[in-house]
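Analysis of the macromolecular model
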Amino acid sequence: MASPVVVTHPLAQIHLTAIRQTNTPSAQFRWHLQRLAEILFMEASRSLETAAVRVQTPLAETDGAAFARPIVLVPILRAGLGLQEAILPLVPDATVAHVGIARDEETALPMPYYAKLPSILAEADVFLLDPMLATGGSACAAAAQLKAAGASRITLVCVVSCPTGLEAFGTQHPDVPVVTAAVDERLNDKCYIVPGLGDAGDRCFGT
Ligand code: URA
C-alpha cells in the first residue's frame, strides 16, 4: 500500500469527527469539511516551490516569496467542490479545472463524463481534490486524464482513504503523493468506506 501523508493535527481530527457523525446537518457538514480542507491543503502545499522576490515595506526593501509555478485545483465533481470552495481562498490566483467522474452504482467503476482542463497543466502544481478515496477508481482515472493533458506535478488531497484505494492509486500513480486525514478500515460490499462518513456528495449538498 502506498504511504499517504496522514494529517493527525488535533484540529483536523476534530473536524473529521464532526463530519463522520451521522446526524451532522449539511450546513455544519460543509463547514467542518471546509475547515478540514484548509488544514489538509496546508500540508499538501508544504513543499510548493517559491521564487525569491523583493518587496518594499513601508520602511525598507526586503526578501519575499512568490509561487514558482501556477497552481491548478481540480475538484472531482461533485464532492470535490466541497474541498475546492475552502482551498481557493487560500490560493486565490489558482486556476480551477473540473473533472466529472460518476461512479456506476452497480459496478462501482468510474465513468468520466466531463473534463474542462486548462492549457497550463504541464507547468503547474496540480491539486486533485476528492473527499473519499474508496476503490481509487475515480482518482486514478482523473490523475490519468491530468497526466494525458500534460500534468506532472500532482498531489491528491482526500479526507478519508482506505487500504484498497491507496493500493490502487499507489500502483497506478506512484509519483502522486496522497494527503489524507484518515486511513479507514475497509470497503463494504457497495464500495463505501467503513467507518467512513457515508456519501460525501449527498452529505455536503443535502441530496
Ligand atoms: N464515495 C463516498 O462519498 N463515500 C464512500 O464511502 C465511498 C465513495
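Residues numbered from 1 in each chain as written. Predicted model: local features only at pLDDT ≥ 70, side-chain atom pairs only at ≥ 80, totals over all residues. Heavy atoms only, no water.

**Some points on the side chain of Ser161**
- Along the chain, Ser161 falls in strand E11 (residues 160-161).
- Take Ser161: its relative accessible area is 0%, and that puts it in the buried class.
- A distance of 2.8 Å separates the side chain of Ser161 from the backbone oxygen of Ala182, its partner in a polar contact. (Helix = DSSP H or I, 4+ residues; strand = E, 2+ residues; numbered from the N terminus. Buried < 20%, exposed > 50% of the residue type's maximum accessible area, 1.4 Å probe, protein only. Polar contact = N/O pair within 3.5 Å; in protein donor to acceptor, adjacent residues only side chain to side chain.)

**Focus on the site of the ligand**
- Near the ligand you find Arg103, Met132, Ala134, Cys191, Tyr192, Ile193, Gly198, Asp199 and Ala200, and these make up its full shell.
- Contact between the ligand and Ile193: an oxygen atom at 2.8 Å from a main-chain N or O atom of the residue.
- The contact in question runs from a nitrogen atom of the ligand to an N or O atom on the backbone of Gly198, over 2.8 Å.
- If the ligand stood free it would expose 240 Å²; the protein chains cover 88% of that surface.
- By residue class, the composition of the shell around the ligand is six nonpolar, one polar and two charged. (Near = heavy atom within 4 Å. Areas by Shrake-Rupley, 256 points an atom, 1.4 Å probe, with all protein chains shown as cover. Nonpolar A, V, L, I, M, F, W, Y, C, P; charged D, E, K, R; others polar.)

**Comments concerning the sheet that holds strand E13 (residues 182-183)**
- A sheet is described by the order of its strands in space; here three strands give the open sequence E9-E11-E13, paired in parallel fashion. At either end of the open sheet lies a strand with only one pairing partner, and these are strand E9 (132-133) and E13.
- Bridge analysis of E9 against E11 gives two bridges, and the strand direction is parallel. Among the inter-strand pairings, Leu133 is bridged to a residue of E11, identified as Ser161. (Pairing = 2+ DSSP bridges.)

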